[in-house]
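Read off the chains here:
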Amino acid sequence: MLIEALPPELLSHVFGLLLDPLDPTLENVEMSISPAPTLSLVSRYWNQVTLGTPSIWTRIVLGSDFNSLRAVEQHLHHSGDLPLDIFIYDYIHDYKPSASVLPILAAQSHRWRILYMSAVEDWDLDFLEGLSLPTLHSLRIDTFRGYKWELRIEAPRLKHFESMKIDLIYPETCQFSLSTLRTDGAWFEWDPLWSYLRSSQTTLQRLKIEGTDDVVQIPEGFSIRLSSLIEYEVYLTTLDWNALRMADMPALTRLSLTWDNPASDPLEHEKKVLVMPTLLVLELSTQHEIDIGSAIAPLLSAAPNVTKLSITDTSLTGDSVNCKATDPLCLATEEDSCIALYCSQLEELSIKGTMVGLEALEDIVFLRSSLRTITVDSVDWTWENLCSDRAALDKLRQNVELIGVHPMWREGYY
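Below you will find a few notes about this structure. (Residues numbered from 1 in each chain as written. Predicted model: local features only at pLDDT ≥ 70, side-chain atom pairs only at ≥ 80, totals over all residues. Heavy atoms only, no water.)

1. A closer look at the overall build of the protein chain
Looking only at helices and strands, one finds 11 helices and 18 strands in the protein chain. A buried classification covers 49% of the 414 residues belonging to the protein chain. Once local pairs closer than 6 in sequence are excluded, the contacts in the protein chain between residues at least 24 apart make up 65%. For the protein chain, the exposed area adds up to about 20,000 Å²; of that, 53% sits on carbon and sulfur atoms. (Helix = DSSP H or I, 4+ residues; strand = E, 2+ residues; numbered from the N terminus. Buried < 20%, exposed > 50% of the residue type's maximum accessible area, 1.4 Å probe, protein only. Contact = heavy atoms within 4.5 Å. Areas by Shrake-Rupley, 256 points an atom, 1.4 Å probe, with all protein chains shown as cover.)

So, in structure tokens, the structure goes:
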């Protein structure tokens, strides 16, 4: 059966399937395309069906391949009263929308559902200032600005917000109730973050904080409970435990910590970390291998039920002799046997960026019957112990799946 012979209702449904599904969190957004203009040019019949299918006109993309006033007006007209998903890509061939396009979009702001703006500059934010966005559900703004910018809008239904260097300012009569928040605390301006968290205590499920300060500045007396938070990512220049003490997170299941510089206070890791009994996935990454050793123990002590642990050393200095990543997972002496075992329910372990000693792997596997998978860059062994090391690895493989294990010969044994 030729597609031209399909009834208009069925062909309209097929056209609707051409729109790529959108992640409402806008976390992984690729170049979005509006299929309607192309479909309308195939034939007279397709043109009629396309013009009668409002849903495929709801995605408006401003960029080098779609930038005319006529095209925007066409989408607004044929989409009827349906919610709009708007994408503005500024980086494509130095594209700048004409002054006539933005006011037309702003006049339809009551229909916006998703707004994604990539690599934007001053002209973009000026046209958003003061808009009423009653149906806006998702907002992501990627900007080249080197400084903070306050954006005043009214978006009572906003659930997903991501932007670095942009702070939303709401009217006093309008409160946040976010499900996803990705923002920063750069340049010592943390107050907007605390405002977001206070008003989203019962709704926030995913939180990502990226900061350039040395310390997360928690206001005096600040105390909140993020009762629905399940995923938390922290990217800081310096390891700071305030990021884990700023709120009670009773439902947290995944925690990702990344930091660039060593902790300024050597005793900082001894300070209290909130207990996280529901945490199942813990991911650590740093450029300073010594910091991993100081960070793992207090974190694992606060998260006794972790089943998936990932440790990445990006310093390029780690080796099996001085590897800090495995220390808390092994019993060093017989006296240590009285100490509670960290990660007793561990099922998956990943250690990247450093060689792992074979004896450490044997201890880790022996102490945890629940362990199923270990992923490493390499296991340290030498020619002189080649046969015994291979036998030990074969024995380990009987209990766990070893991924990434390959020979790493020390200098002098070639």
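2. Concerning unusual backbone geometry
Most of the time, phi is negative for any residue but glycine, and the peptide bond is trans. Even without a glycine there, the phi angle at Cys 343 is positive, about 55°. For Cys 343, a relative accessible area of 1% gives the class buried.

3. Thoughts on helix α4 (residues 69-78)
For α4, the set of buried residues is Ala 71, Val 72, His 75, Leu 76 and His 78. Turning to α4, the residues buried within the fold contact α2 (36-39), α3 (44-51), β1 (59-62), β2 (84-89) and α5 (101-107). At the exit of α4 stands Gly 80, carrying a positive phi of roughly 65°.

4. Notes on the environment of Tyr 45
Here Tyr 45 lies in helix α3. Placed 40 residues apart in sequence, Tyr 45 and Ala 5 show a C-alpha to C-alpha distance of 9.8 Å. Those residues within four positions of Tyr 45 in sequence are excluded, and the remaining contacts are Glu 4, Leu 6, Pro 7, Pro 8 and Leu 11.

5. Observations concerning the nonpolar core
Core analysis: the largest hydrophobic core is formed by 92 residues, its most contacted members being Trp 112, Leu 128, Leu 197, Tyr 232, Leu 255, Leu 299 and Leu 309. With six residues, the single largest contributor to this core is helix α9 (residues 289-302). When near neighbours in sequence (up to four residues on either side) are disregarded, Leu 309 contacts Leu 282, Leu 300, Leu 329, Cys 343, Leu 346, Glu 348, Leu 349 and Ser 350. With nine residues, the next largest nonpolar core counts Phe 15, Trp 46, Val 49 and Trp 57 among its residues. (Core = buried A, V, L, I, M, F, W, Y, C linked by side-chain atoms within 4.5 Å.)

6. So, the side chain of Thr 373
The residue Thr 373 is located in strand β16 (residues 373-376) in this model. For Thr 373, the residues in contact, after removing those within four places along its chain, are Glu 347, Glu 348, Leu 349, Glu 401 and Ile 403.

7. Some words on the pairing of β1
What you see with β1 is no split at all: Arg 59 and Val 61 on one side and Ile 60 and Leu 62 on the other are buried throughout. With four bridges connecting them, β1 and β2 associate as parallel partners. Considered in β2, the bridge of Arg 59 is made with Asp 85. (Pairing = 2+ DSSP bridges.)

Geometric descriptors of this kind do not, in isolation, establish any biological role.
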